Amino acid sequence: MMMAFRPPLGWNSWNTFGDKISDALIREMADYMVSHGYRDAGYEYLVIDDCWSLRDRDAAGRLVPDPEKFPHGMKDLADYVHAKGLKFGMYSCAGVMTCAGYPSSYDHEFTDAETFASWGVDFLKYDFCNFPETGDCRTRYQTMSMALKSTGRDILFSACNWGQKDPWTWMRSAGAHMYRSTGDIMDNYVSFTDIFKSQLKNLSMSANGCFNDMDMLTVGMGGKGNVGFGKVCTYEEYRMQFALWCLCGVPLMMGADLRNLAPEYEALMKHPDLLRINQDEECRPPYPIRMGAVFTGNPDPKEGEMPWRSIPDSSYTLFRHLSGGEFALAFINFSEAETVIHLEMVDLGLPVASGFALRVKDVFTSEDLGRKSDYFNPKVPGHDMKLYLCRLEKANG
Ligand code: GAL
């Protein structure tokens with residue numbers, strides 16, 4: 001069975017807990033993923049990030065779980081996670097020390113891969129801190145890829161070199177199943193919108209088997225936890241983050257404390273249409289139509305005038321081909337002011353003369369907006385977006 005056939009889904013400890021991780025926490029999170037229906041919605045990987053080991057390797061040169069945090073060892077914990085029908089993920093780093101100063105896998109790749117496999121690890125996040133200046137980044141990710149393969153176990157390789165050396169051009173060929181393309185996400189609006197804007201142009205290399213990883217979600221964290229810097233997001237901003245990650249077809253690794261998550265965020269991250277868009281098996285990236293087209297209010301202007309004016313970066317209109325004849329259409333308003341965004345249907349390949357229209361359903365409200373042809377002008381509040389699922393229909397059928 002191919003690994004990462006579709007964008008991997010799961011939960012990771014870093015965003016909320018940082019170094020405050022333990023056996024009990026991971027078991028509770030596993031329980032929650034099952035009892036609250038995350039597993040059944042498709043979230044499969046439960047990943048322990050940095051700070052799980054002792055500061056020193058043992059006499060045999062092996063990594064050792066911190067016995068205070070993980071008193072039953074990793075194999076026992078992995079067995080528990082597996083018994084819940086989930087997959088177990090862990091973390092190491094391509095440098096000589098992890099970002100938090102724990103031993104990592106430079107020159108220990110094959111030993112560590114074997115250790116992880118012996119514990120029943122299914123997913124390895126592989127970071128880039130403290131990488132020697134003389135080291136070759138590509139070679140070392142390739143080395144860990146080979147080390148994981150040498151174990152004979154299916155271990156999803158989640159490379160995390162923060163976008164160094166344009167990983168979208170080579171991580172797929174180095175055997176990674178996903179690759180972090182940016183620095184760390186912080187729990188605020190500017191952070192996630194910057195990540196999205198920086199990666200939109202790189203998404204055509206993100207598809208079955210190897211995905212661009214725009215980092216773990218902060219949805220629902222509300223400024224609490226390890227990456228809570230800046231202004232706390234509103235519900236609409238978190239909804240935008242989740243919907244953008246879905247629209248981009250990138251991995252969804254939840255970062256909030258699921259045990260204390262408000263019900264609206266739980267519902268958002270299990271939203272069937274959003275997950276269906278994220279998991280669409282064709283893995284096509286969204287097609288940018290027009291950036292910053294603000295409707296003037298007059299759809300039928302005088303000769304030589306346009307029904308829209310351009311305010312660069314204020315809004316994006318994106319269109320994504322899905323399987324089965326469906327499309328996703330997004331109007332994203334990055335500005336603070338409510339904006340009427342302007343789309344000419346001819347710009348997405350539907351001239352009036354085609355005789356075809358798009359039948360449009362609002363993903364967030366499930367409302368059927370009927371057929372749209374010629375032009376479409378949704379009103380989008382500031383820092384919010386509209387997301388539609390569409391199908392082709394005869395304009396006058
Ligand atoms: C960063 C990485 C984060 C987290 C952290 C742990 O380099 O991007 O996602 O893993 O290290 O120290």
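Scroll up to find the structure this text is about.
Residues take numbers from 1 onward in each chain, read along the sequence in its written order. Where local features are concerned, this predicted model is filtered to residues with pLDDT of at least 70; where side-chain atom pairs are given and counted, the filter is 80 or more; whole-chain, interface and lining totals use all residues. The side-chain figures draw on all heavy atoms in the structure; neither hydrogens nor water molecules are used.

### Let's talk about the overall build of the chain
Thinking step 1. Within the chain one finds 10 helices and 20 strands.
Thinking step 2. Two things to know: the radius of gyration comes from C-alpha atoms, and the globule rule equals 2.2 Å times the number of residues to the power 0.38. The C-alpha radius of gyration computed for the chain amounts to 22 Å, which stays within 12% of the reference 21 Å derived for 397 residues, consistent with globular compactness.
Thinking step 3. Along the first, second and third principal axes, the C-alpha set of the chain runs to 80 × 45 × 40 Å.
Thinking step 4. Per-residue accessibility, obtained with a 1.4 Å probe over protein chains only, is compared with the maximum for each type, and a residue is labelled buried under 20%, exposed over 50%, and partly exposed between these values. Counting the 397 residues in the chain, one finds 56% classified as buried.
Thinking step 5. Within the chain, counting contacts between residues at least 6 apart in sequence, those at least 24 apart form 74% of the total.
Thinking step 6. As presented, the chain carries roughly 16100 Å² of accessible surface, and 51% of it is formed by carbon and sulfur atoms.
Thinking step 7. Residues scored as charged are limited to Lys and Arg (positive) and Asp and Glu (negative), so that His and the chain ends carry no count. A single reference atom marks each charge: NZ on Lys, CZ on Arg, CG on Asp, CD on Glu. The distance from the centre of the 40 positive side-chain charges to the centre of the 53 negative ones in the chain is 3 Å. Helix and strand assignments follow DSSP, with helices taken as H or I runs no shorter than four residues and strands as E runs no shorter than two, numbered in order from the N terminus. A contact between two residues is defined here by any heavy atoms of the two lying within 4.5 Å. Per-residue and other accessible areas were derived by the Shrake-Rupley procedure at a 1.4 Å probe size, with only the shown protein chains allowed to occlude residues.

### Observations concerning the layout of surface pockets
Thinking step 1. Residues are said to line a cavity or pocket when one of their atoms sits within 4 Å of a point; the points come from a 1 Å grid over protein atoms alone, cavities being sets where a 1.4 Å probe fits but cannot get out and pockets being open sets with protein on both sides within 12 Å along at least five of seven lines. Grid points are joined across faces, edges and corners, and a volume is the space filled by probe spheres set on the points. The volume enclosed by the largest pocket comes to roughly 350 Å³.
Thinking step 2. Taken together, 17 residues line the largest pocket, and the ones lying closest to its centre are Met1, Met2, Ala4, Glu44 and Tyr45.
Thinking step 3. Residue polarity follows a fixed list, in which Ala, Val, Leu, Ile, Met, Phe, Trp, Tyr, Cys and Pro are nonpolar, Asp, Glu, Lys and Arg are charged, and the others, Gly among them, are polar. Split by residue class, the lining of the largest pocket holds 10 nonpolar, 2 polar and 5 charged.
Thinking step 4. Each pocket or cavity is described by its volume, and for the second largest pocket that value is around 150 Å³.
Thinking step 5. As for the second largest pocket, its lining consists of 15 residues, of which Trp14, Cys99, Lys125, Asp127 and Asp184 are closest to the centre.
Thinking step 6. Those elements that place two or more of their residues in the lining of the second largest pocket are helix H1 (14-17) and strand E4 (123-127).

### Re the state of the cysteines
Thinking step 1. Disulfide: a pair of cysteine sulfur atoms within 2.5 Å of each other. For the structure on display, the rule yields 1 disulfide.
Thinking step 2. Each sulfur of the disulfide joining Cys99 and Cys129 lies 2.0 Å from the other. Because the sign of the S-S torsion sets the handedness, a value of about 95 degrees for the bond joining Cys99 and Cys129 places this disulfide among the right-handed ones. Separated by 30 residues along the polypeptide, Cys99 in the loop between strand E3 (87-93) and helix H5 (109-119) and Cys129 in the loop between E4 and helix H6 (137-150) bring together distant segments of the chain.
Thinking step 3. Exposure remark for Cys129: the relative accessible area of 15% places this residue in the buried category.
Thinking step 4. Cys99 provides the cysteine sulfur closest to Cys160, a residue in no disulfide bond, and the two sulfurs are 7.4 Å apart.
Thinking step 5. Judged by relative accessible area, Cys160 falls into the buried class, the value being 1%.

### Notes on the nonpolar core
Thinking step 1. Definition of nonpolar core: a set of buried residues of the types Ala, Val, Leu, Ile, Met, Phe, Trp, Tyr and Cys, connected through side-chain atoms within 4.5 Å. In this structure, Trp52, Phe196, Phe242, Trp245 and Leu387 are the most contacted members of the largest nonpolar core, which totals 100 residues.
Thinking step 2. If one sorts the elements of this core by residue count, helix H8 (residues 235-248) sits on top with 9 residues.
Thinking step 3. The two domains that each donate at least three residues to this core are domain 1 (9-278) and domain 2 (287-394).
Thinking step 4. Phe327, Leu348, Leu350 and Val380 belong to the second-largest nonpolar core, a separate cluster that totals 16 residues. Those domain boundaries reflect an automatic or database domain assignment.

### Describing the sheet that holds strand E17 (residues 368-372)
Thinking step 1. At least two bridges found by DSSP between two strands are what make those strands a pair. Spatial strand order, E9-E12-E13-E20-E16-E17: 6 strands in an open sheet with antiparallel pairing. Strands with a single pairing partner mark the edges of an open sheet, and in this sheet they are strand E9 (287-291) and E17. Along the sheet, successive strands turn relative to each other by an average axial angle of 25 degrees, direction set aside.
Thinking step 2. Where E9 meets strand E12 (residues 315-321), 4 bridges bridge the pair, whose relative direction is antiparallel. Across the sheet, the residue bridging to Met291 is Tyr316, located in E12. Structural elements are reduced to axes, namely lines fitted to C-alpha atoms, with helices fitted over the stretch in contact, and the angle between N-to-C directions of any two is expressed from 0 to 180 degrees.

### Comments concerning the site of the ligand
Thinking step 1. Being near a molecule or strand, for a residue, means having at least one of its heavy atoms within 4 Å of it. Residues in contact with the ligand, as listed here, are Trp14, Asp49, Asp50, Tyr91, Cys99, Lys125, Asp127, Cys160, Trp162, Arg180, Asp184 and Met216.
Thinking step 2. The contact in question runs from an oxygen atom of the ligand to an N or O atom on the side chain of Asp50, over 2.8 Å.
Thinking step 3. Lys125 has a polar side-chain atom sitting 2.7 Å from an oxygen atom of the ligand.
Thinking step 4. For the ligand, whose free accessible area comes to 310 Å², the fraction covered by protein is 95%.
Thinking step 5. Applying the majority rule of atoms within 2 Å of the grid points places the ligand in the second largest pocket.
Thinking step 6. For the shell around the ligand, the per-class residue count stands at 6 nonpolar, no polar and 6 charged. As used in this structure description, the phrase polar contact means that two N or O atoms lie within 3.5 Å; if the pair is within protein, one of them must be able to donate a hydrogen and the other to accept it, and residues adjacent in sequence are counted only when both atoms belong to side chains. Here the criterion for a molecule occupying a pocket or cavity is that more than half of its atoms lie within 2 Å of the pocket grid points.

### What to know about H8
Thinking step 1. Expected span of a helix: the number of residues minus one, times 1.5 Å. Relative to the 20 Å expected for 14 residues at 1.5 Å per residue, H8 spans 20 Å between its end C-alpha atoms, a close match to the ideal helical length.
Thinking step 2. Along H8, 12 of the 14 residues are buried, which leaves the element largely enclosed by surrounding structure.
Thinking step 3. For H8, every residue scored as buried is listed here: Glu237, Tyr238, Arg239, Met240, Gln241, Phe242, Ala243, Leu244, Trp245, Cys246, Leu247 and Cys248.
Thinking step 4. Looking one or two places after H8, you find Gly249, whose phi comes out positive at around 65 degrees.

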